[in-house]
Amino acid sequence: MKRMPASGWLASLFMLITTVACSVPAVADQQDTRVQQAVTTVYLIRHTEKELNSGKDPKLTEQGHYRAKNWAKIFSDTRLDAVYSTDTIRTRSTAQPIADAQGREVTLYQAFGVDFAEFVQQHQHQAVLVVGHSNTIPAFANGLIGKEKYSELDESNYDTLFIVDITNGTRTAKLLNIEAQMP
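The model shown is predicted, which means the values in this text are computed figures rather than measured ones.

1. Comments concerning the pairing of strand 4 (residues 127-132)
Move 1: In terms of burial, strand 4 is a largely internal element, six of the six residues being buried.
Move 2: The alternating pattern of strand 4 places Ala-127, Leu-129 and Val-131 and Val-128, Val-130 and Gly-132 on opposite faces, both of which are buried.
Move 3: The pairing of strand 1 (residues 39-46) with strand 4 spans six bridges and is classified as parallel. In the sheet register, Arg-46 faces strand 4, and the bridge partner there is Gly-132.
Move 4: Relative to strand 4, strand 2 (residues 82-85) runs parallel, the two being bridged by four bridges. The residue of strand 4 that forms the bridge with Tyr-84 is Val-130.

Structure, rendered in structure tokens:
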């Protein structure tokens, strides 16, 4: 094995140290850029199928429980930092399987009177799920994006997923239709 002269070895060591030292600011700049461009994502869904004509606070049907479990599967590859639900049996029952699968608690919220700026600030650079109702979920999405884009969901619509992304103050929203195969 050929040995490098001491001066060559020292020169190589100096080059390595210089390269590493010069790279540290570049890595730090990349990390700052990622933090500056971090996305806040809010997922919004309506509660699943409820029992009809069963009072003011109905429970989920068997199909509703199945769909709630399906939502948990859909979100299984997405880390959620928080799960919110209005304080009704149907929304809590929809949110709970998702929260359980994520190792999270369900946090209750009031559907009307949400301070959207505070909500976004509180969940900056996080992914959050909000479960609500056919009228409150589109209104919540509208509040997050700052304009009236979405109208109430049809009472038979349990498939719509609203996704609002907020990056450096830019707000984008999209809808997905997620159909569950019912038993």
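2. What about helix 5 (residues 136-145)?
Move 1: For helix 5, a buried count of eight out of ten residues is recorded, marking the element as mostly surrounded by other parts of the structure.
Move 2: Here helix 5 has its buried residues at Thr-136, Ile-137, Pro-138, Phe-140, Ala-141, Asn-142, Leu-144 and Ile-145.
Move 3: Next to the buried residues of helix 5 lie strand 1, helix 4 (116-122), strand 4, strand 5 (160-167) and strand 6 (170-177).
Move 4: Phi for Gly-146, located one or two positions after helix 5, is positive at around 80°.

3. A few points about the pattern of salt bridges
Move 1: Under the criterion given, the structure shown has seven salt bridges.
Move 2: The closest approach of N and O atoms between Glu-155 and Lys-50, which form a salt bridge, is 3.8 Å. Highlighted residues: Glu-155 in the loop between helix 5 and strand 5 and Lys-50 in the loop between strand 1 and helix 2 (62-74), separated in sequence by 105 residues.
Move 3: Asp-159 is the salt-bridge partner of Arg-67, the closest N and O atoms lying 2.5 Å from each other. Separated by 92 residues along the polypeptide, Arg-67 in helix 2 and Asp-159 in the loop between helix 5 and strand 5 bring together distant segments of the chain.
Move 4: Residue classification places Arg-67 among the buried residues on the basis of a relative accessible area of 7%.
Move 5: By relative accessible area, Asp-159 is classed as buried at 17%.
Move 6: A network of salt bridges, in which partner residues are shared, links Arg-46, Lys-50 and Glu-155.

4. Looking at the packing of helix 2 against helix 3 (residues 89-102)
Move 1: Between helix 2 and helix 3, whose axes approach to 8 Å, the crossing angle comes to 35°. Seen along the crossing, helix 2 lies across helix 3 with a hand that is right-handed. Packed against helix 2, whose contacting residues are His-65, Ala-68, Lys-69, Trp-71 and Ala-72, the element helix 3 presents Ser-93, Thr-94, Pro-97, Ile-98 and Ala-101 at the interface.
Move 2: Its residues assigned to classes, the contact of helix 2 with helix 3 comprises six nonpolar, three polar and one charged.

5. Focus on the sheet that holds strand 4
Move 1: Taken in spatial order, the six strands of this open sheet run 3-2-4-1-5-6, and their pairing is mixed. Two strands close off the open sheet at either side, each with one partner strand: strand 3 (106-108) and strand 6. Neighbour-to-neighbour, the strand axes of the sheet open up by a mean angle of 25°, direction not taken into account.
Move 2: Where strand 2 meets strand 3, three bridges bridge the pair, whose relative direction is parallel. Within strand 3, the position partnered with Val-83 by the bridge is Val-106.
Move 3: Against the sheet, helix 5 touches strand 1, strand 4, strand 5 and strand 6, its axis set at about 160° to strand 1.

What counts and how
Residues numbered from 1 in each chain as written. Predicted model: local features only at pLDDT ≥ 70, side-chain atom pairs only at ≥ 80, totals over all residues. Heavy atoms only, no water. Buried < 20%, exposed > 50% of the residue type's maximum accessible area, 1.4 Å probe, protein only. Helix = DSSP H or I, 4+ residues; strand = E, 2+ residues; numbered from the N terminus. Pairing = 2+ DSSP bridges. Contact = heavy atoms within 4.5 Å. Salt bridge = Lys/Arg side-chain N within 4 Å of Asp/Glu carboxyl O. Axes fitted to C-alpha atoms, helices over the stretch in contact; angles between N-to-C directions. Left-handed = near helix turned anticlockwise from the far one by under 90°. Nonpolar A, V, L, I, M, F, W, Y, C, P; charged D, E, K, R; others polar.

Remember, this is a structural readout, not a statement about activity or role.
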